[in-house]
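Examining the three-dimensional arrangement
Each chain is listed here by its residues.
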Amino acid sequence: MTQRAVPEVLRQHPRLGQWLAPAPGGRIRATSGKVDIGQGISHALRLIVAEELQLEPARVEMVVPSTRHSPDEAVTSGSQSVQQSGAVLRFAAAHLREACRERFAQRVGVPLDAVSLDRGMFQARGEQAGYGELADAGLLEAAVDPAHLAPRAGRASALGAVPRSDVADKVFGEFQYIQDLAPAGLLHGAVFRPRTLQAQVHEDVWTRLQPRLEEIEGVAQVVRDGLLVGVLADSDYALAQAGERVALAGLWQGEADVPPPHDTARWLQAQPLDSTVIQQRRDDAPAAAHVFRADYGRGWLQHASIGLCCALAQWTQNTLQVWSHSQGIFNLRRDLALAFGLPADAVTVSHAEGAGCYGHNGADDVAFDAAWLAHHAGGRPVRLQWTRQQEMANAPLAPAMAVRIEASVDAAGRLVAWTQDVWSQGHGTRPGRGATPALLGAWQVAQPAPITMAVNAAQASGGGSDRNAVPPYQVPQLDVRNHRVLAMPLRVSAMRALGAHANVLAAESMMDEIALALGRDPLAYRLEHLAHDERASAVLREAARIARWQEAVPREAGIGRGLGFARYKNTGAYCAVVAEVEVLREAHVRRLWIAADLGLVVHPDGAKNQIEGGAIQAASWTLREQADLGREGVRSEDWETYPIFRFADVPAVEVALVDRPDSPSLGAGECSIGPTAAAIANAIHDALGVRMRVMPFSADNLMREAQRTTNEATTKEEE
């Protein structure tokens, strides 16, 4: 490795036995605080441990994360699982291997270099022993020493070709998700709530509704606390009947102050703001010859996962057990303890995989709902799953964004100044980070916790709305400012890539606009300003190579190509994307060519899957998705009302990885989001000459912008 940065979590949990331990049958148990949300992190971590221990991957058993026995690694987010937890497990495995080698050498009476290791067995002088014989409690109590990790010397992942073992079961419907768990004595639960954060109950309606719910066959109990109505039943069918009666009753009244869909930027800029300077530079620069200005943005997005949020909970006297597909089991435990007035160690949260998760969805909230209802279940376990409508209406939204860029170039066309202003709500209301619980249900009971305003992570952690707001290009004078909106009529929080989606769209669109205005090739213009960053230049060249960017490929009418680039968080993976679009009645992405530098690639197929998935989701956000909001809350509550890619919309995707075995591994999951959005915008301009700056680039918005462009051209001709 070119560097051996020791993750902070290893300093917090230094003991070897917290990460690795021998298990029966010559197996090794590996424990991580990062959870598998379908991205295949368990497989990648298993390969890391197996490679360092020189053991078959099948003999590495990944322990399902639980607050009972896992190290607290906070939240599984931000493309950090391989980058951080993988690094810790690699250090731990190297330590275990070398400590066992030393013990074996002492036992046999040979020098260390006389000990060989083959498939988990140490051998010398005709004797052999495995990890289980050599690693006792004393050895596992030692602090992990990172010095045991040897340099790779250009060696690629030895186990990168090993396929995931969980995929077949998931494809053929055999995998057991949290939605499939059914412990003995199970009760089914549902919680009904208003669609706005501020609401009131019509008490006379409740007086009539309560007996109508209790009379449903199969309903065991009806519970009311503040704005929440809970129903316990023996079957989902009874809950469905209860849901229909609640929906027809009109139980709550409340309105949200949200803007019309085409006035989002003005609304964001008109709210109270918390403005901060993200980066400022004042180096010597030539005089500006040309100035370019433009505004970009997007509306609110919904998670829209296919799998619905679900949780199970069970109380035993004053202790609470929860099964959840939360991304942050320790954070959830902390806020459940706060919400129910328990010490943290009285709550156990065990992870169980759910189907689909792209950030802070409703997983934590449904866990509160299950725990709250289970309190009334007499010790029986309660399973609670949101309906499609509850999921779409109540899960946090991804914040809308507005971005303004002013860029100046000198007489030779080189950048001399860049100013970027970002307006958005904070991108985080996750649990476990404040003095009070950040769980939707805890805000809606009779004695509610205060509603917490969305915040941004620090820039050192990747930022929030300001993520990737600092352009990667050489520019002597720089001003980047973030304006956090201090209003939250509907709840917002983290969605994949946070602010990078809109910030990269803005910066890469501006680079395209400048290059074309100067009569320069967009690729060459970017490379001129990336001479300081060899890895950035390399992925741009690789994307251009596989897309045959610089060849004179014949074009049909309505076909265009565009380019986008970013280094995720400005510290993570490098990614460049070339998009090819066809614009007829609407824009359709035909192909994506993607090049990424993830440092040491642990599992190439998994990395490509992550990059491809991120790009397809970004294409859907960019072309289709925007939440439909009204004073009654979220109106887009199903697949008919929330536009999203169908399988027929998915483009062909080619991914090329620039493997750098001697560089630390970087996360893959979110690096393609921003570059894909920018590449699509630039491709549409290449196809039509219409510059799309505010997402989604839907058929209606495309027509509106094309008409505006035509009108402007006509006006100039008349002048």
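Since the structure is predicted, the reported quantities are computational estimates derived from the model, not experimental observations. (Residues numbered from 1 in each chain as written. Predicted model: local features only at pLDDT ≥ 70, side-chain atom pairs only at ≥ 80, totals over all residues. Heavy atoms only, no water.)

**A short note on unusual backbone geometry**
- Here the amide bond leading from Met695 into Pro696 is cis, since omega sits at 5°, within 30 degrees of zero.
- Summarising the element assignment, Pro696 is placed in the loop between strand S27 (694–695) and helix H18 (699–718).
- The backbone of Gln54 shows a phi angle near 55°, a positive value even though the residue is not glycine.
- On the secondary structure map, Gln54 appears in the loop between helix H2 (41–53) and strand S3 (60–62).
- In this structure, Ala304 takes a positive phi of about 55° despite not being glycine.
- Its location among the elements puts Ala304 in the loop between strand S13 (290–298) and strand S14 (310–316).
- By relative accessible area, which is 8% here, Ala304 ends up buried. (Helix = DSSP H or I, 4+ residues; strand = E, 2+ residues; numbered from the N terminus. Buried < 20%, exposed > 50% of the residue type's maximum accessible area, 1.4 Å probe, protein only.)

**Some details on helix H3 (residues 81–108)**
- Taking 1.5 Å of rise per residue, the 28 residues of H3 would be expected to cover 40 Å, and the 39 Å separating its terminal C-alpha atoms lies within 8% of that figure.
- Counted residue by residue, H3 has 22 buried out of 28 residues, so it is predominantly covered.
- Positive phi appears at Gly109, one or two residues downstream of H3, with a value of about 80°. (Expected span 1.5 Å × (residues − 1).)

**Things to note about the state of the cysteines**
- By the definition in use, this model includes zero disulfides.
- Free cysteine: Cys310, not disulfide-bonded; nearest cysteine sulfur from Cys309 at 8.8 Å.
- Of the residues examined, Cys310 reaches a relative accessible area of 0% and is grouped as buried.
- Of all cysteine sulfurs, the one in Cys309 lies closest to Cys357, which takes part in no disulfide; the gap is 7.6 Å. (Disulfide = S-S within 2.5 Å.)

**What about the pairing of strand S5 (residues 121–124)?**
- Burial of the side chains of S5 is restricted to one face: Phe122 and Ala124 are buried, whereas none of Met121 and Gln123 on the reverse face is.
- Here three bridges tie strand S4 (residues 116–118) to S5, and the two strands are oriented antiparallel to one another. By the bridge assignment for S5, Leu117 is matched with Phe122.
- Here S4 folds back onto S5, and the loop between the two strands holds two residues, one of which, Arg119, carries a positive phi near 50°.
- Note: S5 against strand S6 (residues 127–130), four bridges, orientation antiparallel. The residue bridging Ala124 from the neighbouring strand is Glu127, located in S6.
- Connecting S5 to the antiparallel partner S6 that follows it, the hairpin turn spans two residues, and Arg125 within it adopts a positive phi of roughly 50°. (Pairing = 2+ DSSP bridges.)

**Quick look at the environment of His325**
- Position of His325 relative to the elements: it lies in the loop between strand S15 (319–324) and helix H10 (329–340).
- The spatial distance from the C-alpha of His325 to the C-alpha of Ile514 is 45 Å, given a sequence separation of 189 residues.
- Those residues in contact with His325 that lie beyond four places of it in its chain are Ile178, Leu308, Cys309, Cys310, His351, Ala352, Glu353, Gly354, Asn361 and Ala363.
- Among the polar contacts listed, one links the side chain of His325 to the backbone nitrogen of Cys310, at a separation of 3.1 Å. (Contact = heavy atoms within 4.5 Å. Polar contact = N/O pair within 3.5 Å; in protein donor to acceptor, adjacent residues only side chain to side chain.)

**Description of the nonpolar core**
- If you look at the biggest cluster of nonpolar residues, it comprises 98 residues, and the most contacted ones within it are Leu415, Trp418 and Ile684.
- Looking at this core, the element that brings in the most residues is helix H13 (residues 500–517), giving 10 residues.
- Excluding its chain neighbours within four sequence positions, the residues that come into contact with Trp418 are Ile405, Glu406, Ala407, Pro471, Val475, Gln477, Leu478, Asp479, Ala507, Met510 and Met511.
- Listed in part, the 46 residues of the second largest apolar core include Val49, Leu53, Val82 and Ala99. (Core = buried A, V, L, I, M, F, W, Y, C linked by side-chain atoms within 4.5 Å.)

**What about the domain arrangement of the protein?**
- Here the protein is partitioned into domain 1 (8–157 + 165–172), domain 2 (180–254 + 306–389) and domain 3 (401–427 + 463–714).
- Facing 17 residues of domain 1, the contacting portion of domain 2 comprises 15 residues.
- For the domain 1 and domain 2 pair, buried surface summed over both sides reaches about 1,400 Å², with 53% attributable to carbon and sulfur atoms.
- On the domain 1 side of the interface with domain 2, the three residues burying the most area are Val35, Ile37 and Thr67, jointly 40% of the side's total.
- Between domain 1 and domain 2 we count one salt bridge in total.
- Here Glu353 makes a salt bridge to Lys170, at a shortest N to O gap of 2.9 Å.
- Linking domain 1 with domain 2 are six residue pairs in polar contact (both at pLDDT 80 or more), by the criterion used here. (Domains from an automatic or database assignment. Buried area = accessible area lost by both parts, 1.4 Å probe. Salt bridge = Lys/Arg side-chain N within 4 Å of Asp/Glu carboxyl O.)

**So, a nonpolar patch on the surface**
- Where nonpolar side chains cluster on the molecular surface, the patch consists of Val167, Val171 and Phe172 and spans about 320 Å² of accessible area.
- Examined against the element boundaries, Val167 turns out to sit in helix H6 (residues 167–171). (Patch = residues over 30% accessible without salt bridge, like charges linked within 9 Å, V, L, I, M, F, W, Y side chains within 5 Å. Areas by Shrake-Rupley, 256 points an atom, 1.4 Å probe, with all protein chains shown as cover.)

**Describing H13**
- An ideal rise of 1.5 Å per residue puts 26 Å on 18 residues; H13 measures up with 25 Å between its terminal C-alpha atoms.
- Taking burial as the measure, the 18 residues of H13 include 16 buried ones, the bulk of the element.
- A positive phi of about 75° marks Gly519, the residue just after H13.

**Describing the pattern of salt bridges**
- If you walk through the whole model with that rule in mind, you get 52 salt bridges.
- Linking Glu98 and Arg101 is a salt bridge whose minimum nitrogen-to-oxygen distance equals 3.0 Å. Remark: Arg101 and Glu98 occur in helix H3; sequence separation between them is three residues, near one turn of the helix.
- The closest approach of N and O atoms between Asp597 and Arg535, which form a salt bridge, is 2.7 Å. Taken together, the residues span a long stretch of sequence, with Asp597 in strand S23 (residues 587–597) and Arg535 in helix H15 (residues 534–547) at a distance of 62 residues. Comparing Asp597 with Arg535 shows no difference in burial state: the two are buried.

**Quick notes on the packing of helix H16 (residues 604–623) against helix H17 (residues 673–688)**
- The geometry of H16 relative to H17 is characterised by a closest axis approach of 8 Å and an angle of 50° between their N-to-C directions. Considered as vectors, H16 and H17 are oriented oblique to each other. In terms of crossing hand, the pair formed by H16 and H17 is right-handed. Residue-level contacts link Gly614, Ala615, Ala618, Ala619, Trp621, Thr622 and Leu623 of H16 to Ile673, Thr676, Ala677, Ile680 and Ile684 of H17.
- Its residues assigned to classes, the contact of H16 with H17 comprises nine nonpolar, three polar and no charged. (Axes fitted to C-alpha atoms, helices over the stretch in contact; angles between N-to-C directions. Parallel < 35°, antiparallel > 145°, perpendicular 65-115°, else oblique. Left-handed = near helix turned anticlockwise from the far one by under 90°. Nonpolar A, V, L, I, M, F, W, Y, C, P; charged D, E, K, R; others polar.)

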